[in-house]
Amino acid sequence: MAKNHVSRSVIYYKRMIAAVLAVIILSLAGLSVVFGVRLRSTRAALAEAQDELFERDLADMQAQAQAEAERLRNAVQPERVKPAGELSAPEILSGTTVIAHALGDVDGNSGLNCLEAFQAHHAAGVRVFEVDMRMSTDGRVILRHDWNSTLQEGIDSLHLPTVEGFRSTPILGQYTPLTFRDLLLLMAEYPDICVITDTKYTEPEAVTAEFQAMVDDAHTLGLSYLFDRMIVQVYSPNNYSVVDNVHHFPHYIYTLYQDYFGGDEDSFRNKVDFCAEHGIMGLTLNSKLWNSDYAAIADRSEIGVYLHTVNDRDAARRFLRTGVRAVYSDMLTPEDLEAD
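Bear in mind the structure is a predicted one, so any value in this text is a computation, not a measurement. (Residues numbered from 1 in each chain as written. Predicted model: local features only at pLDDT ≥ 70, side-chain atom pairs only at ≥ 80, totals over all residues. Heavy atoms only, no water.)

## Things to note about the overall build of the chain
What counts is decided by this rule: Put simply, DSSP marks the helices as runs of H or I at least four residues long and the strands as runs of E at least two long, and each gets a number from the N terminus on. Burial here depends on accessible area, computed with a 1.4 Å probe over protein chains only, as a share of the maximum for the residue type. Under 20% is buried, over 50% is exposed, and the range in between is partly exposed. Note on definitions: a residue-residue contact is assigned when non-hydrogen atoms from the two residues lie within 4.5 Å. For the area figures, the Shrake-Rupley method with a 1.4 Å probe applies, and any residue is considered shielded solely by the protein chains shown.
Summing up its helical and strand segments, the chain has ten helices and nine strands in all. Residue burial in the chain is summarised as follows: out of 340 residues, 43% are buried. Contacts in the chain between residues at least 24 apart in sequence constitute 61% of all its contacts with a sequence separation of at least 6. Of the roughly 18100 Å² that the chain leaves accessible, carbon and sulfur atoms contribute 55%.

Put into structure tokens, the structure is as follows:
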């Protein structure tokens, strides 16, 4: 009887131990599941944090690279010396009959002032380029004729760009915009060209700001010597005074499209006399205002006359035969104007 009682007790305790072990095993299994979920969650959170840190590091590195690039762009370079034998703007201009208006046309599009237009016309033999200039909202000079909303996406008269916004927005979706600094670098790369500026602004404050920015850019790049291959258009006696007060440029042309011109010999003579008195090398006027009788007046004072904008080859040839030295054109090349 006692033996049976002991056996039942042993069985009971074994069952109790088995039950406890089962509970422990189940608890451990549950904990394993919980810890497994938590571990996976922790690993996912860690991976997400690592990705976020990598993105932040990448963004920081990009920002630092951009800041360094901007610092280098704005770092003042030592002034370069004009290369020996390099021609001046008047010397280059005297050897041509055509001036590429707004750097010339490209793919039938004119007035773009873009890199591709320059490259196409330089390849065609053009060596004198007129450029239009405006200012960005952060005070930099850029090559742009007006704020036509069809040229660059998001840029118009109500949404003027910063210099970087301008540079990063292709013209007509495919052509490369240029700043004044880009232009200076092109001039350094192509020592056989000269540039005629069309700076648009006439208000003294805007004129002063624009030309000071141009001078600053040239100084920053160490390329001030390139002003000897640049001809600055002025638009009135007062405009000339404001520009020359900012910086005395070596070469000027007096263009009449913003100033009163009476359309007669006396009025033309007054313009020529002003040029001669102030060392201004030439006069530019609309081709519709040209009168061949003006040629003798200009020649007596050794003032060159240039007409804009002439895209008809035969008309350009006629003007050249009557005393005009060169024409501004979107599309004509020196070869077009060679005598048959």
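## Thoughts on the pattern of salt bridges
Under the convention used in this document: One side-chain nitrogen of Lys or Arg within 4 Å of one carboxyl oxygen of Asp or Glu is enough to make a salt bridge.
All chains considered together, the criterion is met by eleven salt bridges. One salt bridge connects Asp-192 with Arg-127, and the closest N-O pair in it is separated by 2.8 Å. Here Asp-192, found in the loop between α5 (180–189) and β4 (194–198), pairs with Arg-127, found in the loop between α3 (115–123) and β2 (128–135); they are 65 residues apart in sequence, far enough to count as distant. Relative accessible area serves as the criterion here: at 31%, Asp-192 is assigned to the partly exposed category.

## Regarding the pairing of strand β6 (residues 252–255)
Our working definition: For two strands to be treated as a pair, DSSP must find at least two bridges joining them. When the strands point away from the viewer and the path from the first strand over the helix to the second turns clockwise, the crossover is right-handed.
Alternating residues of β6 divide into Tyr-252 and Tyr-254 and Ile-253 and Thr-255, and every residue in both groups is buried. In the sheet, strand β5 (residues 230–234) pairs with β6 via three bridges, with the strands oriented parallel. Directly across from Gln-233, in β6, lies its bridge partner Ile-253. In this fold, β5 hands off to helix α7 (residues 237–246), which returns the chain to β6; that crossover is right-handed. Pairing of β6 with strand β7 (residues 282–286), which is carried by three bridges, proceeds in the parallel orientation. Counted as the bridge partner of Tyr-254 is Leu-283 from β7.

## Examining the packing of helix α6 (residues 204–221) against α7
The condition that has to hold: Every angle, taken between N-to-C directions, lies between 0 and 180 degrees, and every axis is a line fitted to C-alpha atoms, over only the stretch in contact when it is a helix. By convention the crossing between two helices is left-handed if the near helix lies anticlockwise of the far one by an angle smaller than a right angle, and right-handed if it lies clockwise. Lys, Arg, Asp and Glu make up the charged group, whereas Ala, Val, Leu, Ile, Met, Phe, Trp, Tyr, Cys and Pro make up the nonpolar group; the residues left over, Gly among them, are polar.
Axis separation between α6 and α7 bottoms out at 9 Å; the angle between their running directions is 35°. α7 is crossed by α6, and the crossing has right-handed handedness. Residues Pro-204, Val-207, Thr-208, Phe-211 and Gln-212 of α6 form the contact with α7, whose participating residues are Asn-238, Asn-239, Val-242, Val-243 and Val-246. In the contact of α6 with α7, the residues fall into six nonpolar, four polar and no charged.

## Quick look at the packing of aromatic side chains
This is how the line gets drawn: In this analysis, rings of Phe, Tyr and Trp, with Trp reduced to its six-membered ring, are considered paired at centre separations within 6.5 Å, and the interplanar angle assigns stacked below 30 degrees, edge-to-face beyond 60, and tilted for intermediate values.
According to the stated counting rule, one finds 13 aromatic pairs in the structure shown. Relative to Phe-274, the ring of Tyr-240 has its centre 6.1 Å away and its plane inclined at 90°; by these criteria the two rings are edge-to-face. Pair noted here: Tyr-240 is in helix α7 and Phe-274 is in helix α8 (residues 265–278), with a separation of 34 residues, a long-range link. Across the pair, Phe-274 and Tyr-240 agree in class, each one buried. For the pair Phe-249 and Tyr-252, a centre-to-centre distance of 6.3 Å together with 90° between the ring planes defines the contact as edge-to-face. Neither residue differs from the other here; Phe-249 and Tyr-252 are each classed as buried. Through a chain of ring-to-ring contacts, three or more aromatic side chains come together here, namely Phe-211, Phe-227, Tyr-240, Phe-249, Tyr-252, Tyr-254 and Phe-274.

## Looking at the packing of α5 against α6
Quick reminder of the rule: Roughly parallel refers to an angle under 35 degrees, roughly antiparallel to one over 145, roughly perpendicular to one between 65 and 115, and oblique to any angle outside these ranges.
Two numbers describe how α5 lies on α6: the axes approach to 10 Å, and their chain directions differ by 50°. On the basis of their axis angle, the class for α5 and α6 is oblique. Both α5 and α6 take part in a crossing whose hand is right-handed. For the pair α5 and α6, contact is made by Phe-180, Arg-181, Leu-184 and Leu-185 and by Met-214, Asp-217, Ala-218, Thr-220 and Leu-221, respectively.

## Structural notes on the pairing of β5
Counting buried residues along β5, five of its five residues qualify, which places the element largely inside the surrounding structure. Neither face of β5 is exposed, since Met-230, Val-232 and Val-234 on one face and Ile-231 and Gln-233 on the opposite face are all buried. Relative to β5, β4 runs parallel, the two sharing three bridges. Within β5, the position partnered with Thr-197 by the bridge is Val-232.

## Focus on the environment of Gly-139
Inspection of the secondary structure puts Gly-139 in the loop between β2 and β3 (141–143). On the accessibility criterion, Gly-139 (34% relative accessible area) is partly exposed. Taking the C-alpha atoms as reference, Gly-139 lies 8.1 Å from Val-163; in sequence the two are 24 residues apart.

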